[in-house]
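# Secondary and tertiary structure notes
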Amino acid sequence: MSGPTRRGFLAGTAALGGTALIGGEAAATEAEAVRESPVVPVGDARYEDLVLRRTNERFFPRPEYFRLPTSTEQVVRAVNDAVRAGKRITVRSGGHCYENFVGDMAEVIIDMSAMRQVAFDERRGAFVIEPGASLWEVYQRLYLGWGVTIPGGQCGGVAAGGHIQGGGYGPLSRQLGSVVDYLYAVEIVVVDRGGRARAVVATREPGDPNRDLWWAHTGAGGGSFGIVTRYWMRTPGATGSDPAQLLPKPPAATLSAGVGWDWRDVTKESFFALLRNYGEWHERNSAPGSRYASLFSPLLITRRMKGDEPGGFGMVVSMDATVPDAEGLLRAYIADVTKGVAGTKEILPLTRRPWLAAVKLGSLSQTDESGMYKGKAAYLRKRFTDAQIATAYEYLTSTDHDNESALLWLLSYGGKVNTVSPDATVLPQRDSIMKVIYTVSWTDPKAENANLDWIRRWYSAMYKETGGVPVPNGVNDGSYINYPDSDTLDPKWNTSGVAWHALYYKDNYRRLQQVKARWDPRDVFHHVMSVKLPR
């Protein structure tokens, strides 16, 4: 990712990372809180830049106007203005949604990118994070300011706004859990039955009358209940007033390495061996408290190039460098996963780095994530079946598709995540050990239909035994709402008879509908995969 100069980096994080809030008030001045947020209508020179501020270039949101608030009060005013005018509202923070939830028929887009503070709130005894802050900003400010972190995602350009409420995860989740396991409170602008917008704070405290609204933000994703303006994060059970003790500390250093394969050296047998080995290793080593709890190992398999064109794929592994015999454990992991896999070669030497430097090096920027693409996903309770591995091999090596930018991405999961009850948060997948992502991307807009058809057929074939989608069973465990796939609503691609929401929320959906009825009775906040009002 492109970054600031070393001098600017140190100066900026010293100032921003060490901020403390007194009494829980936002850093905006009184004048900023009172004045109206900027309105950017069609024809304004800034409008087109805001249209382009998203990662999936399939979608071009073109509302009547954008609002860019800098405070909660400004969000309340912006929502009240839109509701009174009868305008459809959508909201975005980082612009990373897989689907067109923000741009679809939006008349007003409230863009939260200017609200990006990360600070310690002394009154609440928790860290406050505004929705526009990128994950990279969150990590560097928490760590340089107090030596703490949250177990969030690897993509540094993703903003906290959608990531947290969708049940974010990342390289530290096997060791520390999901991001939502640290959510103490949330501030949301909601609209009541009379059409009046107001800000509400909901906490996880058992006696909080708004606790149901807090719960709804622990894995439901964005766009269903209101607009989040602040999150407060604190480790459950943490006591005292020392900020350095109120969130977990990351490893002091990270040990990492990588191996790769040239497709020309990969046979069907070695492909089978690799996916079996990877999956079976995670079956054996994903229990909470495992000596491999700190290990995170994405396996990224790109589609094979045609003919003799070069093409390959790889696996990166990282873990806490301070774990006893970390180097031996890491090497043993690589040996286990690559056993019987011909053509394995080192692509990244074993390296030890300070934690924050390792995070920055591994962080995907918004530039890395741009382009036209379609993504699908699933949870895995066990390794892929042999039939699924065969299907993956068939589609990744097929010659019936001209675009080579397709990816099968397996990621480590489980561990501490699986110590939480499925109904304690909205995030119900609490016994999965891996996540899997399927993507295809392209540069020519005319190629969209062919690419969509190809990935839909691939995904449907992977889950042929369960109606084309990952219906929870002994192997699959539904999917992740931060990787939404609107095809799960389409009976052409979901023939399982299982509703889309059962894939993402399982038994928690009915309770989400009750929260929706209480806090958004007019259905002001909605999109194609939002929580629906109960009938």
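Identification of the protein as FAD-linked oxidase from Kibdelosporangium phytohabitans is taken from an unreviewed UniProt entry. The record held by UniProt for the protein lists under Sequence similarities (unreviewed entry) the comment "Belongs to the oxygen-dependent FAD-linked oxidoreductase family." A UniProt comment under Cofactor (unreviewed entry) is attached to the protein, and it reads "FAD".

## So, the overall build of the protein
Check the secondary structure of the protein and you find 15 helices and 17 strands. Against the globule reference of 24 Å for 535 residues, the protein gives a C-alpha radius of gyration of 23 Å, in line with a compact fold. Taking as baseline every contact in the protein between residues at least 6 positions apart, the subset at least 24 positions apart corresponds to 74%. For the protein, the exposed surface amounts to about 20,900 Å²; the carbon and sulfur share of it is 52%. Averaging the locations of the 62 positively and 58 negatively charged side chains of the protein gives two centres separated by 2 Å.

## With respect to the nonpolar core
In summary, soluble globular proteins display a tendency toward joint burial of nonpolar side chains. Ranked by internal contacts, the top residues of the largest apolar core, which has 57 residues, are Phe271, Leu275, Tyr333, Phe384, Leu408 and Tyr438. Ignoring anything within four residues of it in the chain, the contact list for leucine 408 reads Leu275, Leu299, Leu300, Ile301, Phe384, Ala392, Leu396, Val436, Ile437, Tyr438 and Trp458. Core analysis: the second largest hydrophobic core is formed by 56 residues, Phe101, Leu176, Ile188 and Val426 among them.

## Examining the sheet that holds strand β17 (residues 434-442)
Ordered by their spatial adjacency, 7 strands build an open sheet running β14-β11-β13-β12-β16-β17-β15, and the pairing between neighbours is antiparallel. The two strands at the open ends of the sheet, each matched to only one other strand, are β14 (345-354) and β15 (372-380). Going from strand to strand, the sheet's axes swing by 15° on average, the running direction of each strand aside. Across 9 bridges, the pairing between strand β11 (residues 253-262) and strand β13 (residues 312-320) is antiparallel. Bridge pairing in β13 links leucine 255 to methionine 319. Strands β11 and β14 of the sheet are contacted by helix α11 (residues 355-362), whose axis makes an angle of about 140° with β14.

## What about the pattern of salt bridges?
One pass over the full model with this rule turns up 35 salt bridges. Notably, a salt bridge pairs arginine 92 with aspartate 111, separated by 2.7 Å at the nearest N-O pair. With arginine 92 in strand β4 (residues 89-92) and aspartate 111 in strand β5 (residues 108-111), this residue pair connects regions lying 19 residues apart in the sequence. Here aspartate 111 falls in the buried class, since its relative accessible area comes to 0%. Aspartate 520 is the partner of lysine 516 in a salt bridge, and the nearest nitrogen-oxygen pair spans 2.7 Å. Across the pair, aspartate 520 and lysine 516 agree in class, each one buried. In the salt-bridge network here, residues are joined through shared partners; they are Glu99, Lys374, Lys376, Arg456, Asp485 and Asp487.

## Details of the pairing of strand β6 (residues 118-121)
Residue alternation in β6 divides its side chains into two sets, Val118 and Phe120 and Ala119 and Asp121, and both sets are buried. The pairing of β6 with strand β7 (residues 126-129) spans 4 bridges and is antiparallel. Each residue of the ladder has a partner; that of phenylalanine 120, found in β7, is phenylalanine 127. As consecutive antiparallel partners, β6 and β7 are separated by 4 residues, and within that stretch glycine 125 has a phi angle of approximately 65°, a positive value.

## Some remarks on the packing of helix α12 (residues 386-397) against helix α13 (residues 448-462)
Where α12 contacts α13, the axes come no closer than 9 Å and their chain directions differ by 165°. Between α12 and α13, the angle falls in the class roughly antiparallel. Judged by the sense of rotation from one axis to the other, the crossing of α12 with α13 is right-handed. Contacts between α12 and α13 involve Gln388, Thr391, Ala392, Tyr395 and Leu396 from the first element and Trp454, Arg457, Trp458, Ala461 and Met462 from the second.

## Some points on the sheet that holds β4
With mixed pairing, the 4 strands of this open sheet are ordered in space as β2-β3-β5-β4. Single-partner strands in this sheet number two, and they are β2 (39-41) and β4. Direction aside, the axes of adjacent strands within the sheet are offset by 25° on average. Taken together, the 4 bridges between β4 and β5 define a ladder with parallel strand orientation.

## Re the packing of helix α9 (residues 268-284) against helix α10 (residues 326-338)
Relative orientation of the contacting elements α9 and α10 amounts to 135°, with a least axis distance of 7 Å. Classed by the angle they form, the pair α9 and α10 counts as oblique. Residues Leu274, Asn277, Tyr278, Trp281, His282 and Arg284 of α9 form the contact with α10, whose participating residues are Tyr333, Asp336, Val337 and Thr338. Considered class by class, the residues forming the contact of α9 with α10 number 5 nonpolar, 3 polar and 2 charged.

Rules used in this analysis
- Residues numbered from 1 in each chain as written.
- Predicted model: local features only at pLDDT ≥ 70, side-chain atom pairs only at ≥ 80, totals over all residues.
- Heavy atoms only, no water.
- UniProt positions renumbered as here; feature names shortened; annotations may be inferred.
- Helix = DSSP H or I, 4+ residues; strand = E, 2+ residues; numbered from the N terminus.
- Rg over C-alpha atoms; globule rule 2.2 N^0.38 Å.
- Contact = heavy atoms within 4.5 Å.
- Areas by Shrake-Rupley, 256 points an atom, 1.4 Å probe, with all protein chains shown as cover.
- Lys, Arg positive; Asp, Glu negative; His and termini not counted.
- Charge placed at Lys NZ, Arg CZ, Asp CG, Glu CD.
- Core = buried A, V, L, I, M, F, W, Y, C linked by side-chain atoms within 4.5 Å.
- Buried < 20%, exposed > 50% of the residue type's maximum accessible area, 1.4 Å probe, protein only.
- Pairing = 2+ DSSP bridges.
- Axes fitted to C-alpha atoms, helices over the stretch in contact; angles between N-to-C directions.
- Salt bridge = Lys/Arg side-chain N within 4 Å of Asp/Glu carboxyl O.
- Parallel < 35°, antiparallel > 145°, perpendicular 65-115°, else oblique.
- Left-handed = near helix turned anticlockwise from the far one by under 90°.
- Nonpolar A, V, L, I, M, F, W, Y, C, P; charged D, E, K, R; others polar.

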